[in-house]
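Each chain is listed here by its residues.
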Amino acid sequence: MKGGDLQAIWVYLSTSPLLGLTATLVAYQAAHWLWRKTHMTPLLNPVLVSIVLIGGFLTFTGIEYRVYFDGAQFVHFLLGPATVALAIPLYRQIRLLLRSALAVVVGLVAGATVAAASAMGLAWALGASHRTVLSLAPKSATSPIAMAVSEGIGGLPSLTAVMAILTGIVGSTIAVWVLDAVRVKNEAARGLAMGTAAHGIGTARAIQLGEITGAFSGLAMGLAALVTTVVVPLLVRAFFG
Amino acid sequence: MLSSITVLLLCQLAGEVLARLSGLPVPGPVVGMLLLFAGLVIRRGVPDSLDRTATALLSHLSLLFIPAGVGVMVHLKLIAGEWLPITVALVVSTALTIAVTGMVMQALARGKRRS
């Protein structure tokens, strides 16, 4: 085959949705294989490893994110129906849910408050700018809500979107360590903690830990979004007057 | 499978419409989740095909976050100037949130069992 033909094939591939979609699936399966091989080492979190692999690939080939997303959007789109599907594990735990309704609500409000207050306090103490402090506040909510809250309090929504996804990755990576360290063994409580702190990405990890953990994490992700929109503006007023 | 995907999409669509009409600060898919949950409660059970589709979708939920995650890499320069306070705040605050939420719920759930 002549070099020109290869060039033509590459020009086709680098602009077609096929490449972005395939790269996403290949990277994820490779990352998942590696994670299983290493006995699920937290730092080799498959989401994190896949992102680094694809990020490296895009940098190396010079393909723009916009072009990559043309293909990857088919995967991205499934987030909506998958979120709806979280109703099914939750329905299976309906008895446990009714029995622990009070613990769920108190845990959620405490968690969402700590998430926003500690992020703002730490960033402020370490000398972050006013806008960064505000952009960090809603980081534990799922990204569309986090961005809307950020806009409302004077943060930078695009910066908040980055924070929210990083929070999800960090949370899903450290959750099992932290929960074991503070001796939280109750599966429902473990799930609630993961969904409250790390929204959907935490929930993806929680599902792997078991049915109860996954169900409560999905519930927490939904309710924490609601609590965050109420709590964060109040905290901002208390912080900055 | 086709019918269960249709059910999921219909719930999401209804959720998006309701979320926008009500102006509630909840994402459309989350409202869709509550609608489906209500439907299952009324129906008193999960149809087999819906169960299979949902299990397949949720078993690889992590995969679905990758496209947005790659977008973060592109925007990492946004945090470059203040990476230290941001990293510390993010990691410590997330660990604190996990610990507090878990401990509060576990304490309350346990207290209830004793009484």
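Rules used in this analysis
Residues numbered from 1 in each chain as written. Chains lettered and ligands numbered in written order. Predicted model: local features only at pLDDT ≥ 70, side-chain atom pairs only at ≥ 80, totals over all residues. Helix = DSSP H or I, 4+ residues; strand = E, 2+ residues; numbered from the N terminus. Rg over C-alpha atoms; globule rule 2.2 N^0.38 Å. Buried ≥ 20, exposed ≤ 12 C-beta atoms within 10 Å, placed from the backbone. Contact = placed C-beta atoms within 7 Å. Domains from an automatic or database assignment. Core = buried A, V, L, I, M, F, W, Y, C linked by C-beta atoms within 7 Å. UniProt positions renumbered as here; feature names shortened; annotations may be inferred. Nonpolar A, V, L, I, M, F, W, Y, C, P; charged D, E, K, R; others polar. Axes fitted to C-alpha atoms, helices over the stretch in contact; angles between N-to-C directions. Parallel < 35°, antiparallel > 145°, perpendicular 65-115°, else oblique. Left-handed = near helix turned anticlockwise from the far one by under 90°. Expected span 1.5 Å × (residues − 1). Arc of directions from axis to C-beta.

### Details of the overall build of chain B
Here is step 1: Looking only at helices and strands, chain B has 7 helices and 0 strands in total.
Here is step 2: Computed over C-alpha atoms, the radius of gyration of chain B comes to 20 Å, more than 25% over the 13 Å expected from 2.2 N^0.38 for 115 residues, which places it beyond the range of a compact globule.
Here is step 3: Counting only C-alpha atoms, chain B reaches 50 × 50 × 30 Å along its principal axes.
Here is step 4: The buried share of chain B, taken over its 115 residues, is 47%.

### Section: the overall build of chain A
Here is step 1: Scanning chain A from N- to C-terminus turns up 13 helices and 0 strands.
Here is step 2: Each helix (α) and strand (β) of chain A, taken in turn from the N terminus, gives the series α-α-α-α-α-α-α-α-α-α-α-α-α.
Here is step 3: The long-range share in chain A, meaning contacts at least 24 apart out of those at least 6 apart in sequence, stands at 62%.

### Overview of the domain arrangement of chain A
Interfaces are often sized by the accessible area lost when the parts come together.
Here is step 1: Domain annotation for chain A reports domain 1 (3-77) and domain 2 (85-240).
Here is step 2: On a C-alpha basis, the centres of domain 1 of chain A and domain 2 of chain A stand 28 Å from each other.

### A look at the nonpolar core
Here is step 1: Ranked by size, the top nonpolar core spans 116 residues in total, and within it A:Ala85 and A:Ala87 carry the most contacts.
Here is step 2: If sequence neighbours within four positions are ignored, A:Ala87 has contacts with B:Met33, B:Leu36, B:Phe37 and B:Leu40.

### Details of the environment of B:Leu10
Here is step 1: By secondary structure assignment, the location of B:Leu10 is in helix α1 (residues 2-22).
Here is step 2: You can call B:Leu10 partly exposed: it has 14 C-beta atoms within 10 Å.

### Notes on the UniProt feature "transmembrane region" (unreviewed entry) in chain A
Here is step 1: Following the UniProt record, one finds the feature "transmembrane region" (unreviewed entry) at residues 6-31, 43-62, 74-91, 103-126, 159-179 and 215-240 of chain A.
Here is step 2: Secondary structure content for residues 43-62 of chain A is 80% helix and 0% strand, and the end C-alpha separation is 27 Å.

### Some points on the interface of chain A and chain B
Here is step 1: Counting residues at the interface gives 90 residues for chain A, matched by 64 residues for chain B.
Here is step 2: Of the residues that constitute the side of chain A that touches chain B, the class distribution is 62 nonpolar, 26 polar and 2 charged.

### Observations concerning the packing of helix α11 (residues 157-181) of chain A against helix α12 (residues 187-209) of chain A
Axes are the key here: two packed helices are described by the angle between their axes and the distance separating the axes.
Residues and elements named next belong to chain A.
Here is step 1: For the pair α11 and α12, interaxial distance at closest approach is 7 Å and the crossing angle is 140°. In terms of axis orientation, α11 runs oblique to α12. Taken as a pair, α11 and α12 cross one another with a handedness that is left-handed. Between α11, through Thr167, Gly168, Ile169, Gly171, Ser172, Ala175 and Leu179, and α12, the contact on the second element is made entirely by Arg190, Ala193, Met194, Ala197, Ala198, His199, Gly200, Ile201, Gly202, Ala204 and Arg205.
Here is step 2: Within the contact of α11 with α12, the residues separate by chemical class into 9 nonpolar, 7 polar and 2 charged.

### Description of unusual backbone geometry
Residue and element names in this part refer to chain A.
Here is step 1: Unlike most non-glycine residues, Met40 shows phi in positive territory, near 55°.
Here is step 2: Note that Met40 resides in the loop between α2 (17-37) and α3 (46-61).
Here is step 3: We classify Met40 as exposed; it has 12 C-beta atoms within 10 Å.

### Examining helix α3 (residues 48-59) of chain B
Here is step 1: Between its terminal C-alpha atoms α3(B) stretches 16 Å, which fits the 16 Å expected from 12 residues at 1.5 Å a residue.
Here is step 2: All of the buried residues in α3(B) are B:Leu50, B:Thr53, B:Ala54, B:Leu57 and B:Leu58. Looking down the long axis of α3(B), one finds its buried residues gathered within 120° of arc, a one-sided arrangement.
Here is step 3: The secondary structure elements touched by the buried residues of α3(B) are α5 (79-85), α6 (87-92) and α12 of chain A together with α1 and α4 (61-64) of chain B.

### Focus: α1(B)
Residues and elements named next belong to chain B.
Here is step 1: Counted at 1.5 Å a residue, the expected span for α1 with its 21 residues is 30 Å, and the 30 Å between its end C-alpha atoms agrees.
Here is step 2: Listed in full, the buried residues belonging to α1 are Ser4, Val7, Leu8, Cys11, Gln12 and Gly15. Seen end-on, α1 carries its buried residues on one side only, within an arc spanning 130°. Within α1, the exposed residues directed more than 90 degrees away from the buried face are Leu2, Ser3, Thr6, Arg20 and Leu21.
Here is step 3: Following α1 by one or two positions, Gly23 has its phi on the positive side, about 70°.

### A short note on the environment of B:Ser93
Here is step 1: Topologically, B:Ser93 is positioned in helix α7 (residues 83-114).
Here is step 2: Look at B:Ser93 and you get buried, because 27 C-beta atoms sit within 10 Å.
Here is step 3: For the pair formed by B:Ser93 and B:Glu16, sequence separation is 77 residues and the distance between their alpha carbons is 31 Å.
Here is step 4: Contact partners of B:Ser93, with chain neighbours within four places excluded, come to A:Ala115, A:Ser118, A:Ala119 and A:Leu122.

### As for the domain arrangement of chain B
Here is step 1: Along its sequence, chain B is organised into domain 1 (1-64) and domain 2 (65-115).
Here is step 2: Using C-alpha coordinates to define each centre, domain 1 of chain B is positioned 26 Å away from domain 2 of chain B.

### Describing the packing of α1(B) against helix α2 (residues 28-43) of chain B
Residue and element names in this part refer to chain B.
Here is step 1: Relative to each other, α1 and α2 sit at 120°, their axes nearing to 7 Å. One finds that α1 runs oblique with respect to α2. As α1 runs across α2, the sense of the crossing is right-handed. Contacts between α1 and α2 pair Cys11, Gln12, Ala14, Gly15, Glu16, Leu18 and Ala19 from the former with Gly28, Pro29, Val31, Gly32, Leu35 and Leu36 from the latter.
Here is step 2: Of the residues in the contact of α1 with α2, the class split is 8 nonpolar, 4 polar and 1 charged.

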